[in-house]
Amino acid sequence: MTPYDMIRESISQTVPFANHTGVELISIEDGVGEALLPAQDVTLNHIGSQHAGALFTLGEAASGAAMAGGFVSVLMTVRPVAANASIRYVKVAKGPIRAFAKLSQPAENLLSALDEAGKVQFAVEVSMRDEAEEEVATMQVDWHVSKAAT
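Residues numbered from 1 in each chain as written. Predicted model: local features only at pLDDT ≥ 70, side-chain atom pairs only at ≥ 80, totals over all residues. Heavy atoms only, no water.

Draft legend 1. Main features of the packing of aromatic side chains. Evaluated as defined, the whole model comprises 1 aromatic pair. Between Phe 71 and Phe 122, the ring centres sit 5.5 Å apart and the planes meet at 20 degrees, which makes this aromatic pair stacked. In this pair, Phe 71 is assigned in the loop between α3 (52–70) and β3 (78–89) and Phe 122 in strand β5 (residues 119–129), connecting sequence segments 51 residues apart. Both residues of the pair, Phe 71 and Phe 122, belong to the buried class. (Phe/Tyr/Trp six-rings, centres within 6.5 Å; stacked < 30°, edge-to-face > 60°. Helix = DSSP H or I, 4+ residues; strand = E, 2+ residues; numbered from the N terminus. Buried < 20%, exposed > 50% of the residue type's maximum accessible area, 1.4 Å probe, protein only.)

Draft legend 2. Main features of the pattern of salt bridges. As enumerated under the stated definition, the model contains 5 salt bridges in all. Across the pair Asp 130 and Lys 91 runs a salt bridge whose closest N-O atoms are separated by 3.8 Å. With a gap of 39 residues between them, Asp 130 in the loop between β5 and β6 (135–147) and Lys 91 in the loop between β3 and β4 (97–103) connect regions that are remote in the sequence. (Salt bridge = Lys/Arg side-chain N within 4 Å of Asp/Glu carboxyl O.)

Draft legend 3. Looking closely at the sheet that holds β6. Strand order in the open sheet formed by 6 strands is β1-β2-β4-β5-β6-β3, and the pairing between neighbours is antiparallel. Whereas interior strands pair on both sides, the edge strands pair on one side only; in this sheet they are β1 (24–29) and β3. Across this sheet, the average inter-strand angle for adjacent strands is 20 degrees, counted without regard to direction. Of the strand pairs in this sheet, β5 and β6 are connected by 11 bridges, and their pairing is antiparallel. For Val 126, the partnering residue across the bridge sits in β6 and is Met 139. Against the sheet, α3 touches β1, β2 (32–37), β3, β4, β5 and β6, its axis set at about 40 degrees to β4. (Pairing = 2+ DSSP bridges. Axes fitted to C-alpha atoms, helices over the stretch in contact; angles between N-to-C directions. Contact = heavy atoms within 4.5 Å.)

Draft legend 4. Layout of the environment of Val 81. Inspection of the secondary structure puts Val 81 in strand β3. Since its relative accessible area comes to 37%, Val 81 is described here as partly exposed. Along the sequence, Val 81 and Glu 116 sit 35 residues apart, while their C-alpha atoms lie 19 Å from each other. When sequence neighbours within four positions are dropped, the list of residues in contact with Val 81 reads Asp 142, Trp 143 and His 144.

Draft legend 5. Up close: the pairing of β1. With 5 bridges joining them, β1 and β2 adopt antiparallel strand pairing. Its bridge partner being in β2, Leu 25 is matched across the sheet by Ala 35. With antiparallel pairing between neighbouring strands as the criterion, β1 and β2 make up a hairpin whose turn holds 2 residues, including Gly 31 at a positive phi of roughly 80 degrees.

Draft legend 6. The arrangement of helix α4 (residues 107–117) in detail. Every buried residue of α4 is accounted for by Ala 107, Leu 110 and Leu 114. All buried residues of α4 project into a common sector of 65 degrees when viewed along the axis, lining one side. Exposed residues lying more than 90 degrees from the buried face of α4 are Glu 108, Asp 115 and Glu 116. Each element contacted by the buried residues of α4 is listed here: α3, β3, β4, β5 and β6. (Arc of directions from axis to C-beta.)

This is a description of form; function is not addressed.
The following block contains the structure:
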């Protein structure tokens, strides 16, 4: 099992709300993450498409996976906080939706800034797509990562 797999399993167990909505973390790599919101009645809105809140949860989970993947070497010694998020709904989201998230900067740059200043702020960009690979929403999550107090 890789460190990325261990993080994926750990995050899946420690974020109850994402589990409640059925969000599954598919993959975590260096600065990227992928998550899935399955098609299920509990996440639908009044018109039968994925609820805006469920899409937000999906995007935030994928962004957290990308953040964790970028900080894998120090993850146990930092405190990450999603400080701000904005979402843009592009089209009606039907069926299962996948979110693809990527750090806005190379992880090595962020790790250097964290080492120098003890904290770092950065964005994670997220694209959410339906089964036809059409973008249904975009999101930006701003993360603040600081060294944990000892």
